[in-house]
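Understanding the architecture of this molecule
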Amino acid sequence: MREVYAIGLGITSFTRLEYPVAEIAAYAGMMALRDAGIREVDHLYVANMGACRLNHQSGLASAVVDSLSLTPAGAETIENGPASGASALKQGFMAVASGLHDVVMVIGAERMREVNNLEATDFVATLTHPLSEHIYGVTLPAMAGLFTRLYMEKYGVTERHLAMVAVKNHAHAMDNFFAHLHEPITLAGILDSPEALTNNPYIADPLRFYDACPVSDGGACIILASQEVARKQGKPLVRLAGVGQATDTHAVHEREEPTDLLAVRRAAEQAFRMAGVTPQDVHVAELHDAFTILEIVESEEVGFFPKGQGHLALERGETRLGGRLPINPSGGLKAKGHPVGATGVGQAHEIVLQLRGEAGNRQVKDARVGFTCNFGGFGNNVVCLTFVRED
Amino acid sequence: MERQLYGYQCPKCGHINYPYRMRCRKCKETEYKDFTLVALPGKGHEREVLVLRFLALAAAHAVRVVDVAALGTLVSVELAFHLSPPVRR
């Protein structure tokens with residue numbers, strides 16, 4: 001296989017955007033073309049979960065490739081739920097690594113706020129099992145609430161730990177211009193004060209309002225290329241060095257231990273093994289914190305901390321900027337936002353930016369190995385990526 | 001009914017794009033700048049006409065391909081509109 005490099009980055013604000021989803025995607029793509037200093041690509045992958053349902057737009061990649069005047073390059077849409085972004089990056093990786101293409105554009109885009117919150121919540125809930133979960137009215141916040149209660153009972157995680165994740169990631173997002181929420185929050189405001197229950201009501205016990213990510217619109221883009229092309233760019237060489245993907249049972253109740261996220265564990269193992277690094281080599285990570293509990297659990301499952309001890313590392317401040325292993329310096333899904341199809345590309349965008357040393361006030365010092373975990377379904381389809389800076 | 005078509009003029013090369021696109025089809029500039037909205041001339045050369053009749057809907061559509069000369073640039077425009085009154089068998 002050939003080595004694959006990230007040579008161009010583009011992103012829109014993750015927020016409410018009053019543009020068609022194809023334009024959101026195309027804008028991110030054009031920023032990436034400019035960043036890479038190129039005008040054409042061989043192929044375009046567009047990650048998206050809901051354009052057909054939410055925006056009445058099918059054939060999204062065909063619309064985007066034309067909007068960017070990139071025809072006759074090949075184009076296709078990749079849908080893998082909230083892991084669509086990393087799945088599309090995996091497709092792009094394979095296309096370049098195999099020698100099929102030299103330059104591939106991967107865009108993730110979603111416009112969720114065209115519909116109201118109830119419709120958006122139901123749309124996301126359709127990724128649960130239709131006959132054993134969705135039919136009973138389960139939503140992702142409800143699923144995460146059940147999971148969190150089990151995790152608390154088993155490992156001693158408390159609501160304070162969950163709130164600490166939210167406070168940390170909101171603080172990180174303050175330095176990210178493109179983040180959805182520029183809203184500093186404190187433990188007093190969302191947990192300890194008499195007003196906390198008003199500021200931060202329960203939405204799916206034990207999860208509260210600030211334990212959940214916002215519903216966002218947004219787009220992100222990464223251009224992948226062969227080593228020969230990347231060396232001509234004159235930019236720091238950031239290699240997509242490891243790709244891993246694993247699945248688990250669709251229905252959560254069928255898992256032997258419902259508090260284990262085996263697909264996360266297996267996808268991470270593959271991504272580390274392919275890159276020839278270990279979890280202890282990672283300097284910065286973006287984990288899929290659609291709910292605060294997920295950042296804690298994923299930090300254990302990918303191997304950063306022993307099982308059941310992620311919340312203790314959080315307590316020690318190891319996962320905040322300036323800590324031993326900063327997690328979600330972008331603000332994560334929690335505060336940067338979660339336009340589902342764009343999320344995986346957005347995570348990788350942040351890691352490449354960090355490894356280039358271009359992350360501004362949220363830069364992780366001397367970062368050379370970065371990692372992303374893009375979590376599809378409720379842990380039933382997970383894609384992990386490892387990036388390594390060379391030179 | 002009065003109809004007016006608008007094109008999207010690239011600020012760099014002057015090419016008129018129709019329909020709207022993010023990047024100019026001619027110069028492929030990658031720096032984002034808003035296109036200028038320009039009214040296209042009301043006259044053009046009709047190249048093809050295709051009339052589609054949908055009996056079940058008791059309606060018809062016509063698709064016309066028209067070459068419009070605008071600011072020195074040739075633009076192909078597709079028009080779709082209802083014919084009135086609805087066609088009856």
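Residues numbered from 1 in each chain as written. Chains lettered and ligands numbered in written order. Predicted model: local features only at pLDDT ≥ 70, side-chain atom pairs only at ≥ 80, totals over all residues.

When you go through chain B residue by residue, the secondary structure sums to zero helices and six strands. In sequence order, the secondary structure elements of chain B are arranged as β-β-β-β-β-β. Scored against the burial criterion, the 89 residues of chain B give a buried share of 13%. Across chain B, contacts joining residues at least 24 apart in sequence account for 40% of those joining residues at least 6 apart. (Helix = DSSP H or I, 4+ residues; strand = E, 2+ residues; numbered from the N terminus. Buried ≥ 20, exposed ≤ 12 C-beta atoms within 10 Å, placed from the backbone. Contact = placed C-beta atoms within 7 Å.)

Residue and element names in this part refer to chain A. Topologically, Ile 135 is positioned in the loop between helix H5 (117-125) and helix H6 (140-155). Looking at Ile 135, the number of C-beta atoms within 10 Å reads 10, which means it is exposed. Taking the C-alpha atoms as reference points, Ile 135 and Lys 232, 97 residues apart in sequence, are found 54 Å from one another.

All names here are of chain A. If you look at the biggest cluster of nonpolar residues, it comprises 132 residues, and the most contacted ones within it are Val 46, Val 64, Ile 107, Ile 222 and Leu 224. In contact with Leu 224, other than residues within four places in its own chain, are Val 4, Tyr 5, Ala 6, Gly 92, Phe 93, Val 96, Val 104, Val 106 and Leu 240. By size, the runner-up hydrophobic cluster in this structure holds five residues, among which are Phe 14, Ala 173, Ala 179 and Ala 335. (Core = buried A, V, L, I, M, F, W, Y, C linked by C-beta atoms within 7 Å.)

Attention shifts here to the interface of chain B and chain A. The partner chain A presents eleven residues to the nine residues of chain B that form the contact. Grouping the constituent residues of the side of chain B that touches chain A by class yields three nonpolar, one polar and five charged. (Nonpolar A, V, L, I, M, F, W, Y, C, P; charged D, E, K, R; others polar.)

All names here are of chain A. Ordered by their spatial adjacency, nine strands build an open sheet running E3-E2-E4-E7-E1-E8-E11-E10-E9, and the pairing between neighbours is mixed. In this open sheet, the two edge strands, each paired with only one partner strand, are strand E3 (74-78) and strand E9 (284-287). Averaged over neighbouring strand pairs, the angle between their axes works out to 25° when direction is ignored. For strand E10 (residues 369-376) and strand E11 (residues 381-389), the ladder comprises eight bridges, and the chain directions are antiparallel. Residue Gly 376 lies in a different strand from E11, and its bridge partner there is Asn 381. (Pairing = 2+ DSSP bridges. Axes fitted to C-alpha atoms, helices over the stretch in contact; angles between N-to-C directions.)

All names here are of chain B. With antiparallel pairing, three strands are arranged side by side in an open sheet as E2-E1-E3. Every other strand in the sheet has two partners, leaving strand E2 (16-17) and strand E3 (36-39) as the edge strands with one partner each. Strand direction decides the pairing type here: strand E1 (residues 6-9) and E2, joined by two bridges, are antiparallel. Bridge pairing in E2 places Gln 9 opposite Ile 16.

Before going further, it helps to spend a moment on the pairing of strand E7 (residues 217-226) of chain A. Residue and element names in this part refer to chain A. Of all ten residues making up E7, nine are buried, and the element is well covered by its neighbours. One ladder, built from seven bridges, connects strand E1 (residues 4-11) with E7; its direction is antiparallel. Across the sheet, residue Gly 8 finds its bridge partner in E7, namely Ile 223. Inspection of the sheet shows strand E4 (residues 103-111) paired to E7 by nine bridges, in the antiparallel sense. Within E7, the residue paired with Val 103 across the bridge is Ala 225.

What follows concerns the packing of helix H4 (residues 84-97) of chain A against helix H15 (residues 340-356) of chain A. Residues and elements named next belong to chain A. Their axes nearest at 5 Å, the elements H4 and H15 cross at an angle of 65°. Mapping the contact onto sequence places Ser 84, Gly 85, Ala 86, Ala 88 and Leu 89 in H4 and Gly 341, Ala 342, Thr 343, Gly 344, Val 345, Gly 346 and Ala 348 in H15. Residue composition of the contact of H4 with H15, grouped by class: six nonpolar, six polar and no charged.

Let's shift gears to unusual backbone geometry. Following Asp 205 of chain A, the chain continues into Pro 206 of chain A via a peptide bond in cis, with omega recorded as 10°. Position of Pro 206 of chain A among the secondary structure elements: in the loop between strand E5 (202-204) and strand E6 (207-208). The residue after Tyr 18 of chain B, namely Pro 19 of chain B, is reached through a cis peptide bond having omega 5°. Within the element layout of this structure, Pro 19 of chain B appears in the loop between E2 and E3.

As a further point, take the confidence of the model for chain B. Residue and element names in this part refer to chain B. On average, residues of chain B carry a pLDDT of 70, and 45% of them reach 70 or more. E3 holds the highest mean pLDDT among the elements of chain B, 92, whereas strand E6 (residues 73-82) holds the lowest, 44. Considering only residues more than four positions removed or in separate chains, one finds that residues 71-89, a stretch of pLDDT under 50, has 38 contacts. For this predicted complex, the interface score ipTM comes out at 0.86, while the overall pTM is 0.92. (pLDDT = per-residue confidence, 0-100.)

Now for the pairing of E10 of chain A. All names here are of chain A. Among the eight residues in E10, eight count as buried, and that is most of the element. Burial of the side chains of E10 extends over both faces: Val 369, Phe 371, Cys 373 and Phe 375 are buried on one face and Gly 370, Thr 372, Asn 374 and Gly 376 on the other. Inspection of the sheet shows E9 paired to E10 by four bridges, in the parallel sense. Within E10, the position partnered with Ala 285 by the bridge is Phe 371. Between E10 and E11, which pair antiparallel in sequence order, lie four residues; one of them, Gly 377, sits at a positive phi of approximately 60°.

An α-helical turn contains 3.6 residues, so any two residues separated by three or four positions project in the same direction. Residues and elements named next belong to chain A. With respect to burial, helix H12 (residues 292-301) is a largely interior element, ten of its ten residues being buried. Restricting attention to buried positions, one finds in H12 the residues Thr 292, Ile 293, Leu 294, Glu 295, Ile 296, Val 297, Glu 298, Ser 299, Glu 300 and Glu 301. One or two positions beyond H12, positive phi appears at Gly 303, with a value near 105°.

Another aspect to go through is H15 of chain A. Residues and elements named next belong to chain A. Compared with the 24 Å implied by 1.5 Å per residue over 17 residues, the 25 Å span of H15 between its first and last C-alpha is a close match. By the criterion of burial, H15 is predominantly enclosed, with 16 of the 17 residues buried. Backbone geometry just after H15 places Gly 357 at a positive phi near 80°. (Expected span 1.5 Å × (residues − 1).)

Residue and element names in this part refer to chain A. Position of Glu 300 among the secondary structure elements: in helix H12. For Glu 300, a count of 21 C-beta atoms within 10 Å translates into the label buried. Counting along the chain gives 13 residues from Glu 300 to Ala 313, while the straight-line C-alpha distance between them is 9.9 Å.

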